Amino acid sequence: MGCMTFDVIEHFLTWGLCTQTSRYHYISNMPLMALDVDTAEKSFVFPETSNATFEAMKEWGKNMGKVSIQCKDTPGFVVNHLLVPYLFEAMAMVERGDAFKEEIDIAMKLGTGYPMGPLELSDYVGLDTLKFIGDGWMRDYPEEPMYRYPKILAKLVEEGKMGVKSGQGFYNHNKE
């Protein structure tokens with residue numbers, strides 16, 4: 001279920017609210033991102049969801065000035081489904097000694113036009129958050145190798161290095 005810690009579908013089925021339900025996934029950093037949500041495709045989440053509810057959810061995103069996309073209910077929907085394994089692979093490259101963190105970030109910024117490199121972005125998202133996502137995905141999809149994070153992530157989190165929020169992650173964020 002992506003980043004969720006419980007399956008909301010079971011609760012809505014129990015409560016009989018499927019006609020009034022649709023998933024909505026906010027993209028961090030909400031005030032800065034034009035794409036704010038992945039709206040899970042109606043037929044894949046709740047076949048019983050009314051067209052009015054589904055359209056209301058899309059309109060709600062539009063009213064917030066966001067672009068709402070439609071997708072199948074997959075782990076991480078679209079953005080995190082692609083992004084998190086990419087971040088894990090950048091970490092694995094550091095762990096294997098393929099390249100230094102700075103070179104990986106420079107390569108991805110200059111080579112792809114991304115505003116942040118994957119290790120910079122990992123620190124911004126929060127290493128504990130990425131580990132939490134990975135733990136859930138590995139629990140729910142143990143046979144899927146792209147959901148496995150490298151040991152360096154667990155090590156940094158264990159050391160209290162969470163990224164920007166703790167002042168240390170792959171980079172030092174303390175302003176001394």
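Conventions used here
- Residues numbered from 1 in each chain as written.
- Predicted model: local features only at pLDDT ≥ 70, side-chain atom pairs only at ≥ 80, totals over all residues.
- Heavy atoms only, no water.
- Helix = DSSP H or I, 4+ residues; strand = E, 2+ residues; numbered from the N terminus.
- Buried < 20%, exposed > 50% of the residue type's maximum accessible area, 1.4 Å probe, protein only.
- Contact = heavy atoms within 4.5 Å.
- Areas by Shrake-Rupley, 256 points an atom, 1.4 Å probe, with all protein chains shown as cover.
- Salt bridge = Lys/Arg side-chain N within 4 Å of Asp/Glu carboxyl O.
- Expected span 1.5 Å × (residues − 1).
- Polar contact = N/O pair within 3.5 Å; in protein donor to acceptor, adjacent residues only side chain to side chain.
- Phe/Tyr/Trp six-rings, centres within 6.5 Å; stacked < 30°, edge-to-face > 60°.
- pLDDT = per-residue confidence, 0-100.

1. Remarks on the overall build of the chain
For step 1, the next point in the chain: Looking only at helices and strands, the chain has eight helices and three strands in total.
For step 2, the next point in the chain: Along the chain, from the amino end to the carboxyl end, the secondary structure elements read α-β-β-α-α-β-α-α-α-α-α.
For step 3, the next point in the chain: Across the 176 residues of the chain, 36% fall into the buried class.
For step 4, the next point in the chain: Considering only residue pairs separated by 6 or more positions, the chain has 62% of its internal contacts joining residues 24 or more positions apart.
For step 5, the next point in the chain: Total accessible area computed for the chain in this model is approximately 10100 Å², and 59% of it derives from carbon and sulfur atoms.

2. Quick notes on the pattern of salt bridges
For step 1, the next point in the chain: On inspection of all chains with the given rule, the structure shows eight salt bridges.
For step 2, the next point in the chain: The partner of Arg139 in a salt bridge is Asp140, and the shortest N-O contact between them spans 3.0 Å.
For step 3, the next point in the chain: Given a relative accessible area of 56%, Arg139 falls into the exposed group.
For step 4, the next point in the chain: The salt bridge involving Glu159 is made with Lys161; its shortest N-O contact spans 3.3 Å.
For step 5, the next point in the chain: Residue Lys161 is classed as partly exposed on the basis of its relative accessible area, which comes to 28%.

3. Side note on helix α4 (residues 79–96)
For step 1, the next point in the chain: Look at α4: 26 Å from first C-alpha to last across 18 residues, which is about the 26 Å you get at 1.5 Å a residue.
For step 2, the next point in the chain: Looking at α4, one finds that the buried residues are Asn80, Val84, Pro85, Leu87, Phe88, Ala90, Met91 and Ala92.
For step 3, the next point in the chain: Positive backbone phi, at 80°, marks Gly97, one or two positions downstream of α4.

4. Concerning the side chain of Asp123
For step 1, the next point in the chain: Relative to the elements of secondary structure, Asp123 occurs in helix α6 (residues 118–125).
For step 2, the next point in the chain: Engagement of the side chain of Asp123 in a polar contact is seen with the backbone nitrogen of Tyr171, the distance being 2.9 Å.
For step 3, the next point in the chain: Leave out the neighbours within four places in its chain, and Asp123 touches Met162, Gly163, Val164, Gly169, Phe170, Tyr171 and His173.

5. Remarks on helix α5 (residues 101–112)
For step 1, the next point in the chain: Along its twelve residues, α5 runs 16 Å from first to last C-alpha, staying within 8% of the 16 Å computed at 1.5 Å per residue.
For step 2, the next point in the chain: Within two residues after α5, Gly113 carries a phi angle of roughly 80°, on the positive side.

6. Describing the packing of aromatic side chains
For step 1, the next point in the chain: Overall, the coordinates contain four aromatic pairs when judged by the stated rule.
For step 2, the next point in the chain: A centroid spacing of 4.6 Å and a plane angle of 50° characterise the contact between Trp137 and Tyr147, whose relative ring orientation is tilted. Of this pair, Trp137 sits in helix α7 (residues 127–140) while Tyr147 sits in the loop between α7 and α8 (151–158), and the two are ten residues apart along the sequence. Per residue, the accessibility class of Trp137 equals that of Tyr147, and both read buried.
For step 3, the next point in the chain: A ring pair is formed by Tyr141 and Tyr147, whose centres lie 5.6 Å apart and whose planes are at 65°; its orientation type is edge-to-face.
For step 4, the next point in the chain: Taken together, the aromatic side chains of Trp137, Tyr141 and Tyr147 make up a single cluster linked through ring pairs.

7. A look at the confidence of the model for the chain
Detailed reading of the predicted coordinates is not advisable wherever pLDDT is low.
For step 1, the next point in the chain: With 72% of its residues at a pLDDT of 70 or more, the chain has an overall mean of 81.
For step 2, the next point in the chain: Here helix α2 (residues 42–45) is the element of the chain with the lowest mean pLDDT, 49, and α8 is the one with the highest, 98.
For step 3, the next point in the chain: Counting contacts from residues 1–6, a segment whose pLDDT is below 50, to residues more than four positions away or on other chains yields 14 contacts.

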